[in-house]
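# Summary of the model geometry
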Amino acid sequence: MKLSEIIKTLEADLISTVDDFETDIESFCASDLMSDVLASVCFVGAKNAPPETITLADEPPIHTVRRLHRIGFNRFPVIDPKTKNLIGTIKKGGKRMKLRQIVEKLGLEVKTADEKLDTDVAGGYTSDLLSDVLANSRENDLWITLQIHPNIVAIACMKQLAGIVIINNKDPQEETLNLAREKGVPIMVSSMTAYQLSGRLHALGLSGNQNDAQEN
Amino acid sequence: MTLMEDLSLHILDIVENAVRAGGNNIKVNITEDRNADTMTVTIEDDGKGMDRQTLEKATDPFFTTTEGRQVGLGLSLLAQAAQQTGGSLEIDSKLAKGTKVSAVFNAGHPDMKPIGNLLDTISALTAANPRTRFVFDCKKGDYEYHFDSSKQD
């Protein structure tokens, strides 16, 4: 979301040190504790804010956070204003693409949930070990794998992945496709190998950099 | 979340299901059949068992009887591990009698997972569940291992 849109929606009195009001804002941090926040796009109510942050004045952070939640930001840190304890998570702004764009650019065949092609994709995760994906993938990652068992749908749901791309033109099991349709999980097929597909996705700008996200 | 690179972690997961089913005795058996080149893993308990409806859904990754979870992956992941070697999973269960999970693997298949560290699994289980009797039997070629937690003092 653009900074200019946020300012208008929140009707905020802005004390800003940001030059570019068309900056894409990925997340907000409601914090007065600099030490708790590693790399954030914006601060709310922060003193001594670094130059690339904005401060929304005069409103208790928790109210701002609730309003942000209502306009679509659902991953942002929340600081309890009384105790100053960090009770949420931070996400640094990173490049996102719509799943639809990725499908078009990489020539993927969409098998299920084409109503979900407007999902934002934040990065990619390439692995065939389900327990590894459970442990290390992040929300809105596009999962690249050769696994076709219905379990992949469960994992995509649990981790809220943007979708699953099956490589080497493998056919997902019928049960997998049915489950994916039922749960609204996009499954796509590519003729590329995992290596080729990962490279191409990476080249589109989705670096899948672990440092982009700090998990709680 | 542990990486499930070997069978001992799958076994731990299923034995934890067995513990949750109540009951007093849990038996794990791992047997290699050299002629058929298969490995069979069975986990048997005398807990509360499952009715037919529950049994039918047991390997559904979205079915769980654990409160507060939306997925129950232990059995479906074990089933997948077996199927990937061309093997299979079967579950026998009777209400109030117990459950037996049998997974057959083709041991020579390239995607066959190694057994892993059973001793770690056994220590973890016996430490966490001192009132349950665990019996582990492992037979792989000339290697035989037998453990009975009721005989420890």
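Residues numbered from 1 in each chain as written. Chains lettered and ligands numbered in written order. Predicted model: local features only at pLDDT ≥ 70, side-chain atom pairs only at ≥ 80, totals over all residues.

Another point: the interface of chain A and chain B. The accessible area lost on association of the parts is a frequent measure of interface size. Contact with chain A, which involves 11 residues of that partner, is made by 11 residues of chain B. Listing elements by their share of the side of chain A that touches chain B, those giving two or more residues are helix H4 (130-136) and helix H5 (151-158) of chain A. Here the side of chain A that touches chain B takes 5 residues from H4 of chain A, the largest share from any one element. (Contact = placed C-beta atoms within 7 Å. Helix = DSSP H or I, 4+ residues; strand = E, 2+ residues; numbered from the N terminus.)

All names here are of chain A. Read across the open sheet, the 5 strands follow the order S7-S12-S11-S10-S9; overall the sheet is mixed. Each having just a single partner strand, strand S7 (109-110) and strand S9 (123-126) make up the two edges of the open sheet. The pairing of strand S10 (residues 141-145) with strand S11 (residues 163-166) spans 4 bridges and is classified as parallel. Bridging across to S11, threonine 145 finds its partner in isoleucine 166. (Pairing = 2+ DSSP bridges.)

All right, on to the environment of glutamate 32 of chain B then. Residues and elements named next belong to chain B. Looking at the element boundaries, glutamate 32 is found in strand S1 (residues 25-33). The partly exposed category is assigned to glutamate 32, around which 17 C-beta atoms lie within 10 Å. Apart from the residues lying within four places of it in its own chain, the contact partners of glutamate 32 are Met39, Ala107, Lys139, Lys140 and Gly141. (Buried ≥ 20, exposed ≤ 12 C-beta atoms within 10 Å, placed from the backbone.)

On to the confidence of the model for chain B. Here chain B averages 90 in pLDDT, while 94% of its residues score no lower than 70. For this predicted complex, the interface score ipTM comes out at 0.77, while the overall pTM is 0.67. (pLDDT = per-residue confidence, 0-100.)

Another aspect to go through is the sheet that holds S1 of chain B. All names here are of chain B. Spatially, the 6 strands line up as an open sheet ordered S3-S4-S2-S1-S5-S6, and their pairing is mixed. One side of each edge strand has no neighbouring strand; the edge strands of this open sheet are strand S3 (88-94) and strand S6 (143-148). If you compare each strand with its neighbour and ignore which way they point, the axes differ by 5° on average. Pairing of strand S2 (residues 38-45) with strand S4 (residues 98-106), which is carried by 8 bridges, proceeds in the antiparallel orientation. Bridge pairing in S4 links threonine 38 to asparagine 106. Against the sheet, helix H4 (residues 118-128) touches strand S5 (133-140) and S6, its axis set at about 170° to S5. (Axes fitted to C-alpha atoms, helices over the stretch in contact; angles between N-to-C directions.)

For the rest of this paragraph, the subject is the packing of helix H1 (residues 7-20) of chain B against helix H3 (residues 74-83) of chain B. All names here are of chain B. Relative to each other, H1 and H3 sit at 145°, their axes nearing to 9 Å. In the packing of H1 onto H3, the handedness of the crossing is left-handed. Seen from H1, the contacting residues are His10, Asp13, Ile14 and Asn17; seen from H3, they are Gly74, Leu75, Leu77, Leu78 and Ala81. Classifying every residue of the contact of H1 with H3 by side-chain character gives 5 nonpolar, 3 polar and 1 charged. (Left-handed = near helix turned anticlockwise from the far one by under 90°. Nonpolar A, V, L, I, M, F, W, Y, C, P; charged D, E, K, R; others polar.)

Time to look at H3 of chain B. It helps to recall that an α-helix has 3.6 residues per turn; residues three or four apart then point in one direction. Among the 10 residues in H3 of chain B, 9 count as buried, and that is most of the element. By the burial criterion, the buried members of H3 of chain B are Gly74, Leu75, Ser76, Leu77, Leu78, Ala79, Gln80, Ala81 and Ala82 of chain B. Where the residues of H3 of chain B are buried, they touch H4 and H5 of chain A together with H1, S3 and S4 of chain B.

Glancing now at unusual backbone geometry. Backbone geometry follows two general trends: most residues other than glycine have a negative phi, and most peptide bonds adopt the trans configuration. Phi is positive for alanine 113 of chain A, which is not a glycine, with a value near 55°. In this fold, alanine 113 of chain A is placed in the loop between S7 and strand S8 (120-121). Phi at alanine 96 of chain B takes a positive value of approximately 70°, unusual for a residue other than glycine. If you trace the backbone, alanine 96 of chain B turns up in the loop between S3 and S4.

Moving on: the nonpolar core. Within the largest apolar cluster, 63 residues are counted, with the highest numbers of intra-cluster contacts made by Ile164 and Val165 of chain A together with Val15 and Leu78 of chain B. Setting aside anything within four residues of it in sequence, one finds valine 15 of chain B in contact with Ile26, Val28, Ile43 and Leu125 of chain B. (Core = buried A, V, L, I, M, F, W, Y, C linked by C-beta atoms within 7 Å.)

All names here are of chain B. As a packed pair, H1 and H4 sit with axes 9 Å apart at the nearest point and diverge in direction by 20°. Classified by the angle between their axes, H1 and H4 sit roughly parallel to one another. Where H1 crosses over H4, the handedness of that crossing is right-handed. Judged by residue contacts, Ser8, Ile11, Leu12 and Val15 of H1 engage Leu118, Asp120, Thr121, Ala124 and Leu125 from H4. Residues belonging to the contact of H1 with H4 are distributed by class as follows: 6 nonpolar, 2 polar and 1 charged. (Parallel < 35°, antiparallel > 145°, perpendicular 65-115°, else oblique.)

Here we take up the pairing of S4 of chain B. All names here are of chain B. Across 7 bridges, the pairing between S3 and S4 is antiparallel. Counterpart to glutamate 90 in the pairing with S4 is serine 102. Connecting S3 to the antiparallel partner S4 that follows it, the hairpin turn spans 3 residues, and alanine 96 within it adopts a positive phi of roughly 70°.

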